[in-house]
Amino acid sequence: MGELASGAALTVPVYRIKGNGTGPNVYIQANMHGAEVQGNAVIFQLLELLRDTQLKGDITLVPYANPVGCNHKNGEYTLGRFDPITGVNWNRMYHFDDSYIEQFAQQNHATDVEKIKHQFQQRMLQAIEQKLEHNQFGLTTGQRIAYQLQYMAHQADIVLDLHTGPISSKHLYCPEYAVESAKYFDIPHTILIPNSFAGAMDEATFCPWWTLTDAFAAQGRAVNFEKESFTVELGSQELIDLEVAKEDAKSILSYLRYKSVLTDEQYQPSNMTRYACWLKDYKAFYSPMGGMVDYLAEFGQPLPPGEPLARILRMDNYGDGDPLHYLTLDKTVIPILHFASASVNQGTELYKVFTEYFELQ
Ligand SMILES: [Zn+2]
């Protein structure tokens, strides 16, 4: 993955379980952000559960995907959301170039789907190779890590990037076209994202195929490449819970069974109400003031208008004004996550909430 100043090599562990070659291949990574460790426990539980399971497709698992991020400690906290040298978010450094896709679709207007899949995948792998091996101006530390991971991910049909929020409920980032699949994860909240690339792993692996699908559609040809990528948000950062990880592993296996990676019928989605909202309606609420925060709103439950999200304690107002300030919204929202610290500056991203949400049927 890279080298440190001392010459020490940066490496990540890679586990691959072979299938019998008749199902889609899967790539799962965890811990790209340093404090988001629960995905490592989910990978452990997946490996345990899959010991006796026959697979149709291969599954590649990469815990500790970012060897810089997960070791980036400061005092008792893990940092590791941003490269400390450049300040760039570790999950915004993947590669996507759409400049050749329309021409590729024109050149392959009559090619059969399997051949298109193979050739297009080769194009994507070559682009990453070019970046890694034949780039005399070099790469940043974060780009080198991201491209190495992306090279593995591009070889799969299904990509799961395991993250967590700060203090958070479980939620799923799902490309709009894959909404049916969201019902197979035991995750009650899904954010439906459009075909736009902002540098993340899920986008880097689904945007090329989505863009290619659209390019064929523009020629009047409907194709389905059966490629799906998700960012799976497993809960809160700085937390390992092996029991919850086992449930999350089963939830992933339920989805993978649905996609015919395995046939084991025991892995079924749980009955639950699943809510979704469009990415544009997934809103950040920034603190209107500085102070000490008492987070009040419960995750996952619709919060009526006027009910407080949080209250802010301002001791400088005590005896000279109101020391408690209640923060409310004028529409019903579902709180999904909140900031990790109890002290905030004005403008801190305090909560993220679903607005204009709907039930996934
Ligand atoms: Zn993350």
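Before reading further, recall that the structure is shown in the block above.
Please read all numbers here as calculations on a predicted model, not as lab measurements.

Is there a simple way to explain the overall build of the chain in this structure?
The helix and strand tally for the chain stands at seven helices and 21 strands. Since a compact globule built from 361 residues should have a radius of gyration of about 21 Å, the 22 Å found for the chain is in line with a globular shape. C-alpha atoms of the chain, sized along the principal axes, occupy 75 × 55 × 45 Å. For the chain, buried positions account for 51% of its 361 residues. Within the chain, contacts between residues at least 6 apart in sequence are counted, and of these 74% link residues at least 24 apart. Of the roughly 17,000 Å² of accessible surface on the chain, 48% is carried by carbon and sulfur atoms.

Is there a simple way to think about a nonpolar patch on the surface in this case?
Residues Met292, Leu296, Leu313, Met315, Tyr318, Leu324 and Tyr326 make up a contiguous nonpolar surface patch of about 690 Å² in total accessible area. Relative to the assigned elements, Tyr326 resides in strand 17 (residues 324-328). In this structure Tyr326 comes out as partly exposed when scored by relative accessible area, which is 44%.

When you look at the packing of aromatic side chains in this model, what are you seeing that I'm missing?
When we look at a pair of aromatic rings, we describe it by the centre distance and by the angle of the planes. Per the stated rule, a full pass over the model turns up 18 aromatic pairs. A centroid spacing of 6.4 Å and a plane angle of 85° characterise the contact between Tyr177 and Phe206, whose relative ring orientation is edge-to-face. In this pair, Tyr177 is assigned in the loop between strand 10 (171-175) and helix 5 (179-182) and Phe206 in helix 6 (residues 201-218), connecting sequence segments 29 residues apart. Classification of Tyr177 as partly exposed rests on a relative accessible area of 34%. Ring centres 4.9 Å apart and planes at 80° place the aromatic pair Tyr177 and Trp210 in the edge-to-face group. Here Trp210 lies in helix 6 and Tyr177 lies in the loop between strand 10 and helix 5, a separation of 33 residues in the sequence. Here the aromatic cluster, defined as three or more aromatic residues joined through ring pairs, consists of Tyr100, Phe104, Phe120, Trp209, Phe216 and Phe225. One cation-aromatic arrangement involves Arg221 over Phe216; the distance from NZ or CZ to the ring centre is 5.4 Å.

What is the right way to look at the pattern of salt bridges in this model?
Any two side chains of opposite charge can pair, on the condition that their charged atoms come close. Applying the stated criterion across every chain yields a total of 14 salt bridges. Residue Lys170 is joined to Asp248 by a salt bridge in which the shortest nitrogen-to-oxygen separation is 2.8 Å. Here Lys170 is found in the loop between strand 9 (167-168) and strand 10, whereas its partner Asp248 is found in helix 7 (residues 242-258), with 78 residues between them in sequence. Lys259 is paired through a salt bridge with Glu228; the nearest N and O atoms lie 3.1 Å apart. Placement of Lys259 in the loop between helix 7 and strand 13 (275-278) and of Glu228 in strand 12 (residues 228-236) is noted, with a sequence separation of 31 residues between them. Like Lys259, the residue Glu228 is buried in the burial classification. By sharing partners, the salt bridges in this structure join Glu226, Glu228 and Lys259 into a single network.

Whenever I open this one, the side chain of Glu203 confuses me. Can you help?
Note that Glu203 resides in helix 6. There is no salt bridge for the buried Glu203, and the closest opposite charge comes from Arg92, which lies 6.2 Å off by N-O distance. In this structure the side chain of Glu203 is engaged in a polar contact, spanning 3.1 Å, whose partner is the backbone nitrogen of Ala200.

What is the right way to look at the nonpolar core in this model?
One recurring pattern in soluble globular proteins: nonpolar side chains tend to sit buried together. Ranked by size, the top nonpolar core spans 37 residues in total, and within it Ile28, Ile59, Leu160, Leu162, Phe230, Ile252 and Leu256 carry the most contacts. Counting residues per element, the ones that place at least two in this core are strand 4 (26-30), helix 1 (38-49), strand 5 (59-62), strand 8 (158-165), strand 10, strand 12 and helix 7. The element best represented in this core is helix 7, accounting for six residues. Once you skip the residues sitting within four places of it in the chain, Ile59 turns out to touch Tyr15, Arg16, Ile17, Val26, Ile28, Leu50, Leu256 and Val261. Membership of the second largest hydrophobic core comes to 27 residues, among which are Phe104, Ile116, Ile193 and Phe354.

Please explain the state of the cysteines as it appears in this structure.
Using the criterion set out here, one finds zero disulfides in the structure. Cys277 provides the cysteine sulfur closest to Cys174, a residue in no disulfide bond, and the two sulfurs are 12 Å apart. For Cys174, a relative accessible area of 0% corresponds to the buried category.

What counts, and where the lines are drawn
Residues numbered from 1 in each chain as written. Predicted model: local features only at pLDDT ≥ 70, side-chain atom pairs only at ≥ 80, totals over all residues. Heavy atoms only, no water. Helix = DSSP H or I, 4+ residues; strand = E, 2+ residues; numbered from the N terminus. Rg over C-alpha atoms; globule rule 2.2 N^0.38 Å. Buried < 20%, exposed > 50% of the residue type's maximum accessible area, 1.4 Å probe, protein only. Contact = heavy atoms within 4.5 Å. Areas by Shrake-Rupley, 256 points an atom, 1.4 Å probe, with all protein chains shown as cover. Patch = residues over 30% accessible without salt bridge, like charges linked within 9 Å, V, L, I, M, F, W, Y side chains within 5 Å. Salt bridge = Lys/Arg side-chain N within 4 Å of Asp/Glu carboxyl O. Phe/Tyr/Trp six-rings, centres within 6.5 Å; stacked < 30°, edge-to-face > 60°. Lys NZ or Arg CZ within 6 Å of the ring centre and 35° of its normal. Lys, Arg positive; Asp, Glu negative; His and termini not counted. Polar contact = N/O pair within 3.5 Å; in protein donor to acceptor, adjacent residues only side chain to side chain. Core = buried A, V, L, I, M, F, W, Y, C linked by side-chain atoms within 4.5 Å. Disulfide = S-S within 2.5 Å.

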